[in-house]
Amino acid sequence: MSQDLWTDVDRYITDRLAPRDDFFEEALKASAAAGLPSISVAPNQGKMLSVLATLTGARRILEIGTLGGYSTLWLGWALPLGGHIVTLEADPKHAEVARANIARAGLADSVEIRVGKALETLPKLAAENPPAFDMFFIDADKASIPEYFQWALKLGRKGSLIVVDNVVRGGKIIDAASADANVQGVRRFYDMLAAEPRVSATAIQTVGSKGYDGFALAVVVG
Ligand code: SAH
Ligand code: DHB
Ligand code: MG
């Protein structure tokens, strides 16, 4: 089993199951042209976000880590009329590229990009007492995943879905002695999930065009 095969199978799946709207590809091209790193979710992973948003009937979604807005487009693709996405991004250049990609997809009125470090913009958002978010996609710096998860619990409600990307990192997460702050952030997050009675959670390993990684899913139960 190899990366080439995983990539070919991802293409097979994407060719059949991902919508063909041009704005998805255009967003990736614009992001690459602007020099953004190519670390967006894969198309079939993006479609998974769409499926999960539909499953939860999400009308309000909070994303942490926008990059060029590619995952935002998938969340937006599943958003009902009048739905709203808030997406948090630290890098103003990433936010600018995302803004154009989101506008091209016709989502400018549904998506609000807040620029700044999420640990600074989240308390500001919470201070506005927003209606509960139905779904969260946590995909920014991995060292702060535990803090982002705590914010999701504050900003969600019973039934909210919390999706976290990159929780396997090529298997690096089982190294307790790792000096990598990202690995330690993910490990702290698993410990938090294990001890958190308010969620029912699991994590699933994935292979594909983005290599070997995984997603955590947590549903708020109380
Ligand atoms: N969700 C995107 C990929 C996000 S990549 C997609 O799948 O298309 C991670 C992003 O998080 C980067 O754009 C990075 O600038 C941003 N980021 C990193 N640290 C952050 C922080 N502290 N607060 C907010 N965003 C941050
Ligand atoms: C990387 C991948 C991601 O999906 C992400 O959100 C951040 C970084 C990476 O491969 O480095
Ligand atoms: Mg990611």
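Asker: Summarise the site of ligand 2; cite the residues concerned and give the values.
Answerer: The environment of ligand 2 is formed by Ile39, Asp139, Lys142, Asp165 and Asn166. At a separation of 2.6 Å, an oxygen atom of ligand 2 approaches a polar side-chain atom of Asp139. At a separation of 2.8 Å, an oxygen atom of ligand 2 approaches a polar side-chain atom of Asn166. Protein chains shield 62% of the accessible area of ligand 2, which is 290 Å² for the free molecule.

Asker: An account of the pairing of strand β6 (residues 199-208) is needed here, citing residue identities and associated values.
Answerer: By the bridge criterion, ten bridges tie β6 to strand β7 (residues 211-220) in an arrangement that is antiparallel. Its bridge partner being in β7, Val199 is matched across the sheet by Val220.

Asker: An account of the site of ligand 1 is needed here, citing residue identities and associated values.
Answerer: In the neighbourhood of ligand 1, 21 residues make up the surrounding shell, with Gly65, Ser71, Glu89, His94 and Asp139 lying closest. Leu67 places a main-chain nitrogen or oxygen 3.3 Å from an oxygen atom of ligand 1. Measuring from a nitrogen atom of ligand 1, one finds a side-chain N or O atom of Ser71 at 2.8 Å. Within the complex, the protein chains bury 88% of what would otherwise be the 580 Å² of accessible surface of ligand 1.

Asker: Just give me the short version of helix α8 (residues 181-194), but keep the residues and values in it.
Answerer: Note that an α-helix has 3.6 residues per turn; residues three or four places apart therefore point the same way. For α8, spanning 14 residues, the distance from its first C-alpha to its last is 20 Å, which sits close to the expected 20 Å at 1.5 Å a residue. Tucked into the core, α8 has its buried residues touching α7 (145-155), β5 (161-165), β6 and β7.

Asker: Quick one: what's the story with the coordination of the magnesium ion (ligand 3), residue by residue and with numbers?
Answerer: Where a metal carries four tetrahedral donors, each ideal angle is 109.5 degrees; where it carries six octahedral donors, the ideal angles are 90 or 180 degrees. The coordination sphere of the magnesium ion (ligand 3), as far as protein atoms go, consists of Asp139 (OD), Asp165 (OD) and Asn166 (OD1), spread over 2.0 to 2.2 Å. What makes Asp139 buried here is its relative accessible area of 14%. Looking at Asn166, the relative accessible area reads 13%, which means it is buried.

Asker: Quick one: what's the story with the environment of Ile102, residue by residue and with numbers?
Answerer: With respect to the helices and strands, the residue Ile102 is situated in helix α5 (residues 92-104). If we ignore the near neighbours within four places in the chain, the residues touching Ile102 are Thr72, Leu73, Leu107, Ala108, Val111 and Ile113.

Asker: Explain the side chain of Glu63 residue by residue, including any values.
Answerer: You can see Glu63 is positioned in strand β1 (residues 60-64). Buried charge Glu63 goes without a salt bridge, the closest partner of opposite sign being Lys142 at 10 Å. Within the structure, the side chain of Glu63 is placed 2.6 Å from the side chain of Ser71, a separation counted as a polar contact. Polar side-chain contacts of Glu63 include one of 2.6 Å to the side chain of Thr72. The residues contacting Glu63, other than those within four sequence positions of it, are Ser71, Thr72, Leu75, Val86, Thr87, Leu88 and Phe137.

Asker: So what's going on with the sheet that holds strand β3 (residues 111-115)? Which residues, and what values?
Answerer: Here seven strands make up an open sheet; going across it, the order is β3-β2-β1-β4-β5-β7-β6 and the pairing mixed. Where the open sheet ends on each side, the last strands, each with one partner, are β3 and β6. Taking each pair of neighbouring strands and ignoring which way they run, the sheet shows an average axis angle of 15 degrees. Bridge count between β5 and β7: five bridges; the pairing is antiparallel. Paired with Val163 across the strands is Leu217, a residue of β7. Across the sheet, helix α1 (residues 3-17) is in contact with β6 and β7; its angle to β6 comes to roughly 110 degrees.

Conventions we followed
- Residues numbered from 1 in each chain as written.
- Chains lettered and ligands numbered in written order.
- Predicted model: local features only at pLDDT ≥ 70, side-chain atom pairs only at ≥ 80, totals over all residues.
- Heavy atoms only, no water.
- Near = heavy atom within 4 Å.
- Polar contact = N/O pair within 3.5 Å; in protein donor to acceptor, adjacent residues only side chain to side chain.
- Areas by Shrake-Rupley, 256 points an atom, 1.4 Å probe, with all protein chains shown as cover.
- Pairing = 2+ DSSP bridges.
- Helix = DSSP H or I, 4+ residues; strand = E, 2+ residues; numbered from the N terminus.
- Expected span 1.5 Å × (residues − 1).
- Contact = heavy atoms within 4.5 Å.
- Donors = N, O, S within 2.8 Å, 3.2 Å for Na, K, Ca; no water.
- Buried < 20%, exposed > 50% of the residue type's maximum accessible area, 1.4 Å probe, protein only.
- Lys, Arg positive; Asp, Glu negative; His and termini not counted.
- Salt bridge = Lys/Arg side-chain N within 4 Å of Asp/Glu carboxyl O.
- Axes fitted to C-alpha atoms, helices over the stretch in contact; angles between N-to-C directions.

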